[in-house]
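What follows is each chain in one-letter form.
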Amino acid sequence: KAGVTQTPRYLIKTRGQQVTLSCSPISGHRSVSWYQQTPGQGLQFLFEYFSETQRNKGNFPGRFSGRQFSNSRSEMNVSTLELGDSALYLCASSLGQGSGISGYTFGSGTRLTVV
Amino acid sequence: QQPVQSPQAVILREGEDAVINCSSSKALYSVHWYRQKHGEAPVFLMILLKGGEQKGHEKISASFNEKKQQSSLYLTASQLSYSGTYFCGTPENSGGSNYKLTFGKGTLLTVNP
């Protein structure tokens with residue numbers, strides 16, 4: 001079966017711009033979680049969506065937002081980009097809410113560079 | 001609260017063993033382990049549940065001691081394919097859903113021929 005698909009793979013944006021990242025979970029998976037990965041901080045939880053509703057949120061500013069559609073696809077938006085937002089953004093899908101006992105399946109990520 | 005992993009990095013020769021530790025300052029209900037190879041997505045290895053359960057994946061096994069709030073990952077007779085960064089993840093809440101996994105900063109494992 002197809003894995004978790006994230007688009008685009010790479011993105012270069014200018015400070016102050018906004019960006020939208022997309023994630024298509026594994027077919028049948030209803031939960032999508034987003035993580036920011038940087039060398040210094042590791043994997044930081046952004047938020048989780050389940051059945052089109054945000055169920056959990058990490059400690060990120062309001063510039064980071066997301067949504068989930070009825071087909072479970074999710075988008076993440078970052079407005080007013082800052083240099084510190086440069087990171088690999090990973091999407092993780094799971095069957096039910098949370099990671100359950102089967103764990104997350106991660107996508108390959110979107111590498112965002114803010115210049 | 002982010003779990004603490006040790007060591008930060010370890011270099012092995014093929015066939016050697018290694019142990020990676022993960023500890024938390026809060027009560028743990030489960031511990032997850034993932035491996036991320038360079039340039040790839042993290043891959044789920046196993047989950048350890050309350051009860052000191054020990055799980056295995058290939059020649060990789062792990063233990064979980066909820067009283068000590070820690071888990072250890074054991075890599076036996078390491079292979080070149082074991083190279084990567086290993087992360088432990090702990091959930092914010094109890095129960096089977098394991099919401100909001102918080103990951104440690106990772107342990108970089110390098111296996112040389």
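Look a little higher up for the structure.
A brief report on the enclosed structure follows. Model, not experiment: these values are computed from the prediction.

## Thoughts on the interface of chain A and chain B
- Taken together, the contacts link 23 residues of chain A with 18 residues of chain B.
- Interface area, chain A with chain B, both sides summed: about 1700 Å², of which 55% is carbon and sulfur.
- Of all residues in chain A, the largest losses of buried area upon contact with chain B belong to Leu43, Ile101 and Phe106 of chain A, amounting jointly to 28% of the total for that side.
- Where chain A touches chain B, the interface holds 0 salt bridges.
- On inspection of chain A and its partner chain B, the count reaches 5 residue pairs in polar contact (both at pLDDT 80 or more).
- Elements that contribute at least two residues to the side of chain A that touches chain B include exactly β4 (31-38), β5 (42-50), β6 (53-57) and β9 (87-94) of chain A.
- With 3 residues, the single largest contributor to the side of chain A that touches chain B is β5 of chain A.
- Looking at side-chain class alone, the side of chain A that touches chain B contains 8 nonpolar, 14 polar and 1 charged residues.

## Describing the pairing of strand β5 (residues 43-49) of chain B
All names here are of chain B.
- As paired elements, strand β4 (residues 30-36) and β5 share 6 bridges and run antiparallel to each other. Following the sheet pairing, Val31 is matched in β5 by Leu48.
- Where β4 hands over to β5, the hairpin turn is made up of 6 residues, of which Gly39 adopts a positive phi near 80 degrees.

## Describing the side chain of Gln68 of chain A
All names here are of chain A.
- By the element assignment, Gln68 lies in strand β7 (residues 64-68).
- The exposure class of Gln68 is buried, given its relative accessible area of 6%.
- A distance of 3.1 Å separates the side chain of Gln68 from the backbone oxygen of Arg30, its partner in a polar contact.
- In this structure the side chain of Gln68 is engaged in a polar contact, spanning 3.1 Å, whose partner is the backbone oxygen of Ser72.
- Contact partners of Gln68, with chain neighbours within four places excluded, come to Arg30, Val32, Tyr49, Phe50, Ser51, Glu52, Thr53, Arg73 and Ser74.

Rules behind the numbers
- For every chain, the first residue of the written sequence is number 1, and numbering continues from 1 onward in sequence order.
- Numbering of ligands from 1 and lettering of chains from A proceed in the order in which they are written.
- Thresholds applied to this predicted model are a pLDDT of at least 70 for local features of residues and 80 or more for the giving and counting of side-chain atom pairs; totals over whole chains, interfaces and linings are not thresholded and use all residues.
- Hydrogens and waters are ignored; side-chain quantities use all the structure's heavy atoms.
- Here a residue-residue contact requires only that any non-hydrogen atoms of the pair lie within 4.5 Å.
- Buried area, as used here, totals the accessible surface that two parts lose on assembly, with accessibility defined by a 1.4 Å probe and the loss added over both.
- Salt bridges are identified by distance alone: a Lys or Arg side-chain nitrogen within 4 Å of an Asp or Glu carboxyl oxygen.
- Under this definition, polar contacts are N or O atom pairs within 3.5 Å; protein pairs additionally need one hydrogen-donor-capable and one acceptor-capable atom, and for neighbouring residues in sequence, both atoms have to be side-chain atoms.
- Strands here are runs of E lasting at least two residues and helices are runs of H or I lasting at least four, both read from the DSSP assignment and numbered beginning at the N terminus.
- Classes in brief: Ala, Val, Leu, Ile, Met, Phe, Trp, Tyr, Cys and Pro nonpolar; Asp, Glu, Lys and Arg charged; the others, Gly included, polar.
- The pairing criterion for strands is at least two bridges between them, as found by DSSP.
- Only protein chains enter the accessibility calculation, which uses a 1.4 Å probe; a residue whose area is less than 20% of its type maximum is buried, one above 50% is exposed, and one in between is partly exposed.

From the geometry alone we can't say anything about function, so treat these as descriptive.
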